[in-house]
Amino acid sequence: MNKQKLSFPQDFWWGSAWSAEQAEGRGETGKAETVWERWYKEQPYRFYQRISSEVTTDHIHHYKEDVQLMKQTGHNSFRVSISWARMFPNDGIGEVNPNAIAFYRDLFKEMNENGIKVFANLYHFDMPAKLQDIGGWESRKAIDAYVNFADTCFKEFGDLVYHWFTFNEPLGPILGSYLEDFHYPNIVDFKRGAQAAFFTILAHAKAIKAFKKYNLSSKIGVILNLSPTFPRSQNPADIKAAEIADLFYTRSFLDPMVKGTFPKKLVDLLKEYDQMPVDFTESDLACIAENTSQILGLNYYEPRRVKARLTAINQDGPFLPEWFFENHVMPGRRMNEYRGWEIYEKGVYDLCMDIKNNYGNIEAFISENGMGVANEERFMDESGQVIDSYRIEFIKDHLAYLWKAINNGCNIKGYHLWAFIDCWSWINSYKNRYGLVSLDLPTQKRTIKKSGEFYKQLSDENGFEYDKDLLV
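Not measured: the values here are computed from a predicted model.

Parameters and conventions
- Residues numbered from 1 in each chain as written.
- Predicted model: local features only at pLDDT ≥ 70, side-chain atom pairs only at ≥ 80, totals over all residues.
- Heavy atoms only, no water.
- Buried < 20%, exposed > 50% of the residue type's maximum accessible area, 1.4 Å probe, protein only.
- Helix = DSSP H or I, 4+ residues; strand = E, 2+ residues; numbered from the N terminus.
- Pairing = 2+ DSSP bridges.
- Core = buried A, V, L, I, M, F, W, Y, C linked by side-chain atoms within 4.5 Å.
- Axes fitted to C-alpha atoms, helices over the stretch in contact; angles between N-to-C directions.
- Contact = heavy atoms within 4.5 Å.
- Phe/Tyr/Trp six-rings, centres within 6.5 Å; stacked < 30°, edge-to-face > 60°.
- Lys NZ or Arg CZ within 6 Å of the ring centre and 35° of its normal.
- Parallel < 35°, antiparallel > 145°, perpendicular 65-115°, else oblique.
- Left-handed = near helix turned anticlockwise from the far one by under 90°.
- Nonpolar A, V, L, I, M, F, W, Y, C, P; charged D, E, K, R; others polar.
- Salt bridge = Lys/Arg side-chain N within 4 Å of Asp/Glu carboxyl O.

A. Layout of the pairing of strand 6 (residues 219-225). Strand 6 sits mainly inside the fold: 5 of its 7 residues count as buried. As paired strands, strand 5 (residues 163-168) and strand 6 are joined by 4 bridges and run parallel to one another. In the strand pairing of strand 6, W164 is matched with I220. Two elements, strand 6 and strand 8 (residues 295-299), share 5 bridges in a ladder whose sense is parallel. Across the sheet, residue V222 finds its bridge partner in strand 8, namely L296.

Right under this line is the structure:
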């Protein structure tokens, strides 16, 4: 096809995202121990090259420089997370930390003064460790502490924040902590995970209830990691397997956090296998029904492909979603070999259409999408700039399908890349780099990558030229 200019709606949000634990560094403001710091002390060998979150991108000391880099890479918006552990250094409870308030107000003012809208997320995997000790999201005390933290943030930063989000990827800690062993405290117990998931959803609703009393001009919602689920074939067994996988991984949080209700088929299945949470009340359900998201962030990285199980389950083993399906490796799929994820650009279109057709076309944006690549120094030129043409192509291909979704009526307001500057990536540390800006960890030197220059042009022109055909 010939090149065509893909233009996006006026005032489209161009930006990126990261989190407090992955970027700020510990700093001197005072901060409670998080579950990640605790886990690193206990099992440092679980972290790539034994790199902790002690320093990371040291944003707490470089935030003014970093805001200028946001401008230089075309940001008109940026998603941060506010560290619960920094705001409440006495184990997530007690008195608020005035040094933390001062830091975040300074950061948010700096962003606003440079034309960058503040998207503030309240929880990004960083539970204060002492609250985890009393049960974490399995505990009503943790909910109360979180809502107090959220309420404090609304009060202290409400004049500076453009949009609020209760959680980033709330499914992640449930999978990692209770099913798949990649989050502390590494419990494998679905029923306890179901309780933690329910209380996470309740905490989301209670935070929204607290938000409403301030009558702020901003909106509040949640950021979910969502992958369209595709069956291997149209065989009824494969279709059923895909439906169940979709219930576990997509509808489980999306339905209650946007619609205020839980999927009946999922509830029935959990009852059948005695995996329902045990602590919930009618008033909890009413709070969830009455306090739903006003805006939705969509994190999209890869599709989910499944097929019917061909092997029997050991019923004496732990209950897991995989009792009902197997993952399907589609022949010919394109892969990001470094991260182990399939690259399927059309998935972003399928996801947006699902939100349009099944969730009232709620105001939404792509809140994460990105490509992690190892050993990017291979692609540096003589000046030290990473020539990441692969990332530029990745962004263009996904944006093309996002453009198509918008033109088909999807209420999509923006696109945020993961990530801004190369940041610490949990147990993978700095193995894979995602940033528009490269980071030399020993010196903390930042250098804009080729993709960062492209992103500035993209934002300035509110679109780009595209020369590929879109898949049907």
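Next, the rest of the story.
B. Spatial organisation of the nonpolar core. With 148 residues, the main nonpolar core has I82, F108, Y146 and W164 as its most contacted residues. In terms of residue count, helix 9 (residues 190-212) provides more of this core than any other element does, 14 residues in total.

C. Quick peek at the sheet that holds strand 8. Taken in spatial order, the 8 strands close into a barrel running 2-3-4-5-6-8-13-15, and their pairing is parallel. For this sheet, the mean angle separating the axes of adjacent strands, direction not counted, is 25°. Across the sheet, helix 5 (residues 98-113) touches strand 3 (77-81) and strand 4 (117-121), and the angle it forms with strand 3 is around 170°. Running at roughly 150° to strand 2 (residues 13-17), helix 15 (residues 450-461) makes contact with strand 2 and strand 15 (412-418) of the sheet.

D. Region of the structure containing the packing of aromatic side chains. Applying the stated criterion across every chain yields a total of 59 aromatic pairs. Ring centres 6.0 Å apart and planes at 85° place the aromatic pair W13 and Y162 in the edge-to-face group. One end of the pair, W13, is in strand 2; the other, Y162, is in the loop between helix 7 (140-157) and strand 5, with 149 residues separating them in the sequence. Aromatic side chains F165 and F365 sit 5.6 Å apart centroid to centroid with 50° between the ring planes, which places their arrangement in the tilted category. Residue F165 is found in strand 5, and its partner F365 is found in strand 13 (residues 364-368); the two are separated by 200 residues along the sequence. Joined through ring pairs, the aromatic side chains of W36, W39, Y40, F47, F125, Y184, W424 and W426 make up one cluster. The lysine or arginine in question, R305, covers the ring of Y344, its NZ or CZ lying 4.8 Å from the ring centre. Taking the ring centre of Y349 as reference, the NZ or CZ of K404 above it sits at 4.8 Å.

E. Local environment of the packing of helix 9 against helix 12 (residues 282-290). Interhelical geometry of helix 9 versus helix 12 gives an angle of 60° and a closest axis separation of 8 Å. Classed by the angle they form, the pair helix 9 and helix 12 counts as oblique. Of the two elements, helix 9 crosses helix 12, and the hand of that crossing is left-handed. Across the interface between the two elements, F198, I201, L202, A205, K206 and K212 of helix 9 pack against D284, L285, C287, I288 and E290 of helix 12. Broken down by class, the residue content of the contact of helix 9 with helix 12 amounts to 7 nonpolar, no polar and 4 charged.

F. View of the pattern of salt bridges. This structure, assessed with the given rule, holds 36 salt bridges. Here K130 makes a salt bridge to D91, at a shortest N to O gap of 3.9 Å. Taken as a pair, K130 in helix 6 (residues 129-133) and D91 in the loop between helix 4 (84-87) and helix 5 lie far apart in primary sequence, 39 residues in all. The closest approach of N and O atoms between D422 and R433, which form a salt bridge, is 3.1 Å. With a gap of 11 residues between them, D422 in the loop between strand 15 and strand 16 (432-433) and R433 in strand 16 connect regions that are remote in the sequence. Considered together, D422 and R433 belong to a single accessibility category, that of buried residues. Where salt bridges share partners, they join E376, D388, R391, D422, R433 and K449 into one cluster.

G. Local environment of unusual backbone geometry. Omega for the peptide link from Y184 to P185 comes to 10°, which places this bond in the cis form. Among the structural elements, P185 can be located in the loop between helix 8 (171-178) and helix 9. Of note, the bond from W418 into A419 is cis; its omega dihedral lies within 30 degrees of zero at 10°. Here A419 shows up in the loop between strand 15 and strand 16. Positive phi outside glycine occurs at N215, with the angle close to 50°. Locating N215 in the fold gives a position in the loop between helix 9 and strand 6. Taking the relative accessible area as the measure of exposure, N215 reaches 70% and is therefore exposed. Even without glycine at this site, D274 takes up a positive phi of about 55°.

Limitation: the analysis is restricted to geometry and does not speak to function.
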